[in-house]
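Given next are the chains, with one letter for each unit.
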Amino acid sequence: MTGSLSSPLANAIGPSLLVASLALPLILLAACFFPSLRRQALALQWLAPVPALVAALLAIGGAGFSFDAPALRLSLQLDLPGALLLAVASLLWIVVGAAAFSDENNRPKQRFALCWLLTMTGSIGVFIAADLLTFYLVYALVSIPAYGLIADDDAPASKRAGGVYMAFTILGEALLLMALALLAAGEPHGSLRIEDVVAELPYSPWRDGALALIVASFGMKMALAPLNGWMPLTYTAAPIPAAAVLSGAAVKAGVIGLIRFLPFGYALQGWGEALAMIGFFSAFYGVAIGVTQQNPKTVLAYSSISQMGVLAAALGLALASGDASAPALVAFAAANHVLVKGALFLAVGFAATTDLRRNRAALLLTAALGLSLAGLPFTGGALAKLALKASFGSGIAAGLSYASAAGTALLMLHFLMRLARTTDPVAQAQTAAAIPRFWPFIAVGALFIPWLLFPAIGDLSSAVDLAKLWEGLWPLLIGAALALGLRRWGGRLPRIPEGDTVVAAEAAFKASFALSRLFEKLDARLRLWPAGGLSLLTIALILAALAAHGG
């Protein structure tokens, strides 16, 4: 067992907290299999992430720490990027879990509860796993059991979304397994620690193959276009609590995957620029498709596609320049997204129980949450944009980031209009009674908790500079102007079905059946003239012989 010597407190309790972060959710999961303990275990499940939250705060406030158990081939480690994401992810699981399971008479089904604890364990584990085997195990936990959170009922839409999600998940797991195999093969000393295999990656003969698989597998988890079709279907079909934790915490497994497995200390310009282009394409693609959607949950899904694209672009530019400081900055921006997106999905449940058009305070609070993603001054989103500014610089990438912020403002104002106009009885039924009571406090916390975390990566005084405030404000003004145009002429836009690329692939697959029937009919007709077919074959052979002889 090892710990940081620079912090006596971290050295004393940090490693034990890492173990407890994984052990406590699994203990509660095991208790659910005993009828006499099940009710108490479900009532206490919201406490399961508490050790992870304490560990994260300890690492943010001091130094990182680790735990190693060679006999179990288990290595856990918490550094600043992991701690930032672990802190907010744990907090989201605690708050949403407490609200969702608070009503004894209307608690989720047992299968949902078991999948909730398994997914929670994986969501916590990906931020602290320090070796390939442990990471793959917890990554599978955050991905596969989530099917039970999505397909929670027998509705056709839920089953379809769950099936599409699992198809993408299994493919992503297979790609990741191949990537980890290539990483392990490139480490000459046989180490399976992530930091060791990544340090050798730039010199590995399998470097390009490993990088391609890393980007594909984690890009699929982040729903980077065109591998994005699962996300709108999933978030639209999932119950409100599940959508909140999946969109906020679980999808960040892809972000931490890129942070952990890309060699940022070594400049790889080609791969970095390729990732940045994919990211920017996803950022604008999510906005372009999102403004055609009518369901507020679907709009939020396309917003996540766009936001994950921005994070991928920042990581790509950092990889291209060899900027080893970027992971912590991107992790902070991702942490802000965890809080805000979780609160926005809970806002959908809150809106289903009230009339937002008459509740001005709730409407303004929801607007502040949405515009925070675009960098609204004095919110955590403004700090997130400030953290990413170093990666985007002042050239074309900076211009694209500002354009993306304007697009995000447009999309979030579109979300607000759809939320205020939409009556969703399904969302109302999915909303636990505690969520409307807790939501205002959750929303305020999502806006301002990042201000408590930002000193770990930067100087707060730079965030209130007048020039920085204007930089954050003018893209919002452009987005607001575009939203006015969308409100007036938006009816002319095509209604693209949710799950765009999946729907297109399904349509192409169905069309292939018609094509196969055409070939069958053609084959049947040709079989009616065997003599004619033989004659054509003979003529073709004669012509080929003459051509060869003439040559």
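Residues numbered from 1 in each chain as written. Predicted model: local features only at pLDDT ≥ 70, side-chain atom pairs only at ≥ 80, totals over all residues. Heavy atoms only, no water.

(A) Highlighting the packing of aromatic side chains. Summed over all chains, the structure comprises 17 aromatic pairs. For the ring pair Phe332 and Phe454, a centre distance of 5.3 Å and an interplane angle of 70° mean the geometry is edge-to-face. One end of the pair, Phe332, is in helix α16 (residues 326-352); the other, Phe454, is in the loop between α21 (434-453) and α22 (466-489), and 122 residues separate them in sequence. For the residue pair Phe332 and Phe454, the accessibility class agrees, reading buried in each case. A connected cluster of aromatic rings, assembled from ring pairs, spans Trp93, Phe101, Phe112 and Trp116. Sitting over the face of the ring of Tyr139, Lys221 holds its NZ or CZ atom 6.0 Å from the ring centroid. (Phe/Tyr/Trp six-rings, centres within 6.5 Å; stacked < 30°, edge-to-face > 60°. Helix = DSSP H or I, 4+ residues; strand = E, 2+ residues; numbered from the N terminus. Buried < 20%, exposed > 50% of the residue type's maximum accessible area, 1.4 Å probe, protein only. Lys NZ or Arg CZ within 6 Å of the ring centre and 35° of its normal.)

(B) View of a nonpolar patch on the surface. Taken together, the side chains of Leu44, Trp46, Leu47, Val50 and Val54 make up a nonpolar region of the molecular surface, amounting to roughly 360 Å² of accessible area. Residue placement: Leu44 occurs in helix α2 (residues 35-44). On the basis of relative accessibility, which here comes to 42%, the residue Leu44 falls in the partly exposed class. (Patch = residues over 30% accessible without salt bridge, like charges linked within 9 Å, V, L, I, M, F, W, Y side chains within 5 Å. Areas by Shrake-Rupley, 256 points an atom, 1.4 Å probe, with all protein chains shown as cover. Salt bridge = Lys/Arg side-chain N within 4 Å of Asp/Glu carboxyl O.)

(C) Structural view of the packing of helix α6 (residues 132-143) against helix α8 (residues 156-185). Contact geometry for α6 and α8: axes closest at 11 Å, N-to-C directions at 175°. In this view, α6 runs roughly antiparallel relative to α8, as classed from their interaxial angle. The residues of α8 that touch α6, namely those facing Leu132, Phe135, Tyr136, Tyr139, Ala140, Val142 and Ser143, are Tyr165, Thr169, Glu173, Leu176, Leu177, Leu180 and Ala184. A breakdown of the residues in the contact of α6 with α8 according to their chemical character gives 11 nonpolar, two polar and one charged. (Axes fitted to C-alpha atoms, helices over the stretch in contact; angles between N-to-C directions. Parallel < 35°, antiparallel > 145°, perpendicular 65-115°, else oblique. Contact = heavy atoms within 4.5 Å. Nonpolar A, V, L, I, M, F, W, Y, C, P; charged D, E, K, R; others polar.)

(D) Local environment of the environment of Thr408. With respect to the element layout, Thr408 can be found in helix α19 (residues 396-421). With 34 residues separating them in the primary sequence, Thr408 and Ala374 have C-alpha atoms 5.4 Å apart. With sequence-adjacent residues up to four places away left out, Thr408 is seen in contact with Val287, Ser306, Gln307, Leu373 and Ala374.

(E) How the structure looks around unusual backbone geometry. With an omega of 5°, the peptide bond between Ala225 and Pro226 qualifies as cis. For Pro226, the location among the structural elements is in the loop between α10 (207-221) and α11 (230-237). Backbone geometry at Arg73 places phi at a positive 55°, although glycine is not the residue there. Within the fold, Arg73 resides in the loop between β1 (65-69) and β2 (74-78). Arg73 sits in the exposed class, given a relative accessible area of 59%. Even without glycine at this site, Ala223 takes up a positive phi of about 65°. Relative to the helices and strands, Ala223 resides in the loop between α10 and α11. Residue class for Ala223 comes out buried when judged on its relative accessible area of 0%.

(F) Looking closely at helix α18 (residues 380-392). A rise of 1.5 Å per residue sets the reference length of α18, with its 13 residues, at 18 Å; its end C-alpha atoms lie 19 Å apart and thus fit the reference within 8%. By the criterion of burial, α18 is predominantly enclosed, with 10 of the 13 residues buried. All buried positions along α18 are accounted for by Gly380, Gly381, Ala382, Leu383, Ala384, Leu386, Ala387, Leu388, Ser391 and Phe392. With its phi angle positive at about 65°, Gly393 sits one or two positions after the end of α18. (Expected span 1.5 Å × (residues − 1).)

(G) Structural view of the side chain of Thr169. Its location among the elements puts Thr169 in helix α8. Owing to a relative accessible area of 9%, Thr169 belongs among the buried residues under this scheme. Engagement of the side chain of Thr169 in a polar contact is seen with the backbone oxygen of Tyr165, the distance being 2.8 Å. Filtering out sequence-adjacent residues up to four positions away, Thr169 remains in contact with Ser143 and Ile144. (Polar contact = N/O pair within 3.5 Å; in protein donor to acceptor, adjacent residues only side chain to side chain.)

(H) Up close: the pattern of salt bridges. For the coordinates displayed, the defined rule picks out five salt bridges. Of the charged contacts in the structure, one is a salt bridge between Asp79 and Arg260, with a shortest N-O distance of 3.1 Å. Here Asp79 is found in the loop between β2 and α4 (80-100), whereas its partner Arg260 is found in helix α13 (residues 252-261), with 181 residues between them in sequence. Residue Asp79 is classed as partly exposed on the basis of its relative accessible area of 27%. A residue is classified by how much of its surface remains accessible, and Arg260, at 13% relative accessible area, is buried. One salt bridge in this structure joins Lys389 and Glu471, with 3.0 Å as the shortest N-O distance.

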